[in-house]
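Observations on the model geometry
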Protein chains: 2
Amino acid sequence: MKRMNTLASLGEGGLLSLIFKRFSRQRHAGLVLGPGDDAAVLSLKPGRVLVATQDDLAEGTHFERRWADFRRLGHKLFRINLSDLAAMGEVEPLGVIVSAGFPSDAPRRWATDFLEGLADDAKTFRTPVVGGNLSRSSKVFFSMTALGTALPGRILERSGARAGDLIAGVGPLGKAAEGLKVIRRGGKTGRAVRAFYEPVPHLRAAAILARGRLASSLIDNSDGLARCVAELSGAAGLGARVDLGEAPVAGDPDAGEDYGLVFTVAPSLWPSVRRALPRAYRLGRMTARMAEGRESPSGGYDHFHAS
Amino acid sequence: MKRMNTLASLGEGGLLSLIFKRFSRQRHAGLVLGPGDDAAVLSLKPGRVLVATQDDLAEGTHFERRWADFRRLGHKLFRINLSDLAAMGEVEPLGVIVSAGFPSDAPRRWATDFLEGLADDAKTFRTPVVGGNLSRSSKVFFSMTALGTALPGRILERSGARAGDLIAGVGPLGKAAEGLKVIRRGGKTGRAVRAFYEPVPHLRAAAILARGRLASSLIDNSDGLARCVAELSGAAGLGARVDLGEAPVAGDPDAGEDYGLVFTVAPSLWPSVRRALPRAYRLGRMTARMAEGRESPSGGYDHFHAS
């Protein structure tokens, strides 16, 4: 009788009709044709460019099935992708496309909870789920593409920093990693757990930084602070000196998964940044490149080295 | 010393710089910002809508590591996604975004071969790889989002068939499944193997069907003929009678993975279809819905039932 509650017993057709039912009534100005055909059709307002990114969650790396809350993994997948859109500047989400791989003997709830999580955040972020794909896979994986639109002048790339610019951030540092420790010990609630499962995509802060040209470069710190500072300085051909004195460090800031923003800003614009974003904090300063290389801390999260 | 040739020894940074080197020189009118930032930026020509789809390949389901040719899996991933764009009508590919999950102890060649396969097809189909994501994963998985653009009047949905329309197709039927059998026995060459690894996305045929409004509905037959005929008839509220007499059946047509097109066409337009697409063949006819349900064969490939 146990088979009754597996995905195999529901069948792909059953799961697909749940999906279509769940996502057929979405409304969004850009949505021309949503789930149910070979592809989604979307429209962009004139003058806007498309911003597109993909990020994944894989069993054994980003979560373990013995402790995973699949509804909250739906939230996480949605938010880590929206965070990548935010890291490009003033970007308006247009829609997301989601792939999921589940084993045949997976409990139905894994899939239905995951769908509920997606539906929650589609509503929260007014961003429709426009399509996707289901596969059979012995390990669970989730992949999402987030699509957004922007005015071309409101894009902030990684490479725009100048020597002397301040390095600054918004959002938590190290909190998600603390949350993961709590979860591994069986914890399910609290702010750290929420930081791990429900990171906040800083779309509004990024829009403020891009609209006023306050930031000279922008990235999200999903791979840890050290690595993203190295990205910003490397892309600009600069060095960097990090000082965590002002930063809201709640755990190892280089452990990754925080999804705050890190950006550079001319010192003269820092008062404007603080007025617009009272929770922004300084993290250091961009320096001329040193002969022997960058001064920024090395490290961060390498996806192919055991941590 | 064996570790020297693994992805862990190359590191994520090493692999990413290979990727950026490989895909930094792509040229495409729509490409504003390619790999290397948090997201890609693309532009659409005025008046065109965005067409977006996602499809995956998962170890254990779509391939086995003991026999997989990772370069050719790059081809397959590219083509199954372009096939979904083709299945929407006259769609011009704009770019693809690729996610890959590999174990740390995977041979470097799995990743570098896969990248070569992507680069081959980016060139073949003039479709840049605009971004992606790398994850550590105990089972290999690949996920791609294909982005394209279309004039709104050149989209062919699944649901447009009328009773009396002919059902027709282009492309192989059952050949990919024959190829998989050959591959499992150790075969590496031949037309069936090619049908499995390098399906042809029928972008041009779809464009012809959409431009002249020759087809009333369109789908790709990746999930097998029976299932896609059931999709077309179901979406139109019709029944269907299938007759394989004219069809180039080379194996089980319901086994899936062929990536031909299946479409419906008013009988009066069939001569025009044959003139424009001499290799198109008839597959049956749409009928009024029967009280007891569709006449189309049931079956097809269910992703959560063992096959």
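Residues numbered from 1 in each chain as written. Chains lettered and ligands numbered in written order. Predicted model: local features only at pLDDT ≥ 70, side-chain atom pairs only at ≥ 80, totals over all residues. Heavy atoms only, no water.

Okay, the domain arrangement of chain A next. Residues and elements named next belong to chain A. Each assigned domain of chain A is listed with its residue range as follows: domain 1 (3-154) and domain 2 (166-287). Taken together, the contacts link 24 residues of domain 1 with 24 residues of domain 2. A buried area of about 2100 Å², summed over both sides, lies between domain 1 and domain 2, and 57% of it is on carbon and sulfur atoms. Together, W67, R72 and K76 form the three largest contributors to the area buried by domain 1 at its contact with domain 2, with a combined 31%. Counting across the domain 1 and domain 2 interface gives three salt bridges. For R72, the salt bridge identified is with E198, shortest N-O distance 3.0 Å. Where domain 1 touches domain 2, the interface holds 12 residue pairs in polar contact (both at pLDDT 80 or more). For the side of domain 1 that touches domain 2, the element with the highest residue contribution is helix α2 (residues 70-86), accounting for 10 residues. Its residues placed into classes, the side of domain 1 that touches domain 2 shows 11 nonpolar, five polar and eight charged. (Domains from an automatic or database assignment. Contact = heavy atoms within 4.5 Å. Buried area = accessible area lost by both parts, 1.4 Å probe. Salt bridge = Lys/Arg side-chain N within 4 Å of Asp/Glu carboxyl O. Polar contact = N/O pair within 3.5 Å; in protein donor to acceptor, adjacent residues only side chain to side chain. Helix = DSSP H or I, 4+ residues; strand = E, 2+ residues; numbered from the N terminus. Nonpolar A, V, L, I, M, F, W, Y, C, P; charged D, E, K, R; others polar.)

Let's shift gears to the interface of chain A and chain B. Taken together, the contact pairs 66 residues of chain A with 65 residues of chain B. For the pair chain A and chain B, the summed buried surface comes to about 5300 Å²; carbon and sulfur atoms form 52% of the total. At the surface where chain A touches chain B, the tally comes to six salt bridges. For R158 of chain B, the salt bridge is made with D38 of chain A, and the minimal N-O distance between the two is 3.3 Å. Across the chain A-chain B interface, the total number found is 28 residue pairs in polar contact (both at pLDDT 80 or more). Mapped onto the side of chain A that touches chain B, the elements with two or more residues apiece are α1 (7-23), β2 (40-42), β3 (49-58), β4 (92-102), β5 (129-136), β6 (141-150) and β8 (215-220) of chain A. When residues of the side of chain A that touches chain B are assigned to their parent elements, the largest contribution, nine residues, is made by β3 of chain A. Across the side of chain A that touches chain B, the residue classes tally to 32 nonpolar, 20 polar and 14 charged. The pairing of β3 of chain A with strand β2 (residues 40-42) of chain B spans three bridges and is antiparallel. (Pairing = 2+ DSSP bridges.)

The next thing to look at is the pairing of β4 of chain A. All names here are of chain A. By the criterion of burial, β4 is predominantly enclosed, with 10 of the 11 residues buried. Pairing of β4 with β5, which is carried by seven bridges, proceeds in the parallel orientation. Paired with I97 across the two strands is G131, which belongs to β5. Following the backbone out of β4, through helix α3 (residues 108-124) and into the adjacent parallel β5, one traces a crossover that is right-handed. (Buried < 20%, exposed > 50% of the residue type's maximum accessible area, 1.4 Å probe, protein only. Right-handed = clockwise from strand over helix to strand, strands pointing away.)

A few words now on the relation of the copies chain A and chain B. It takes a turn of 180° to lay chain A on chain B, together with a shift of 0.0 Å along the axis; the resulting RMSD is 0.0 Å. When the rotation and shift are considered jointly, the pair of chain copies conforms to a two-fold rotation axis. A share of 98% of interface residues in chain A that are also interface residues in chain B marks the association as one of identical surfaces. (Least-squares fit on C-alpha atoms with pLDDT ≥ 70 in both.)

Right, let's talk about the nonpolar core for a bit. Counting 72 residues, the largest nonpolar core has F63, F70, F102, L118, F142, L209 and F263 of chain B as its most contacted members. No other element matches the eight residues that helix α2 (residues 70-86) of chain B contributes to this core. Listed in part, the 71 residues of the second largest apolar core include I19, A86, I183 and A205 of chain A. (Core = buried A, V, L, I, M, F, W, Y, C linked by side-chain atoms within 4.5 Å.)

Further remarks concern the packing of α1 of chain A against α3 of chain A. Residue and element names in this part refer to chain A. At a closest axis distance of 10 Å, the pairing of α1 and α3 adopts a crossing angle of 10°. The angle between the axes of α1 and α3 places the two elements in the roughly parallel class. Along its contact with α1, which presents L7, S9, L10, L15, L18, I19, R22 and F23, the element α3 presents R108, A111, T112, L115, E116, L118 and A119. Looking at the contact of α1 with α3 residue by residue, the class counts come to 10 nonpolar, two polar and three charged. (Axes fitted to C-alpha atoms, helices over the stretch in contact; angles between N-to-C directions. Parallel < 35°, antiparallel > 145°, perpendicular 65-115°, else oblique.)

All names here are of chain A. Considering only enclosed or pocket space, the second largest pocket measures out at about 1100 Å³ in volume. The wall of the second largest pocket is formed by 35 residues, among which G171, V200, P201, H202 and R279 lie closest to the centre. Sorting the residues of the lining of the second largest pocket by element identifies β4, α5 (191-197) and α6 (203-211) as the ones contributing at least two each. Counting residues per element, the lining of the second largest pocket draws most heavily on α6, which supplies six residues. Classifying every residue of the lining of the second largest pocket gives 20 nonpolar, three polar and 12 charged. Residue assignment places the lining of the second largest pocket across two domains, with domain 1 (3-154) and domain 2 (166-287) each supplying three or more. (1 Å grid on protein atoms, 1.4 Å probe; cavity = no way out; pocket = protein on both sides within 12 Å on 5 of 7 lines; lining within 4 Å. Points joined across faces, edges and corners; volume = space filled by probe spheres on them.)

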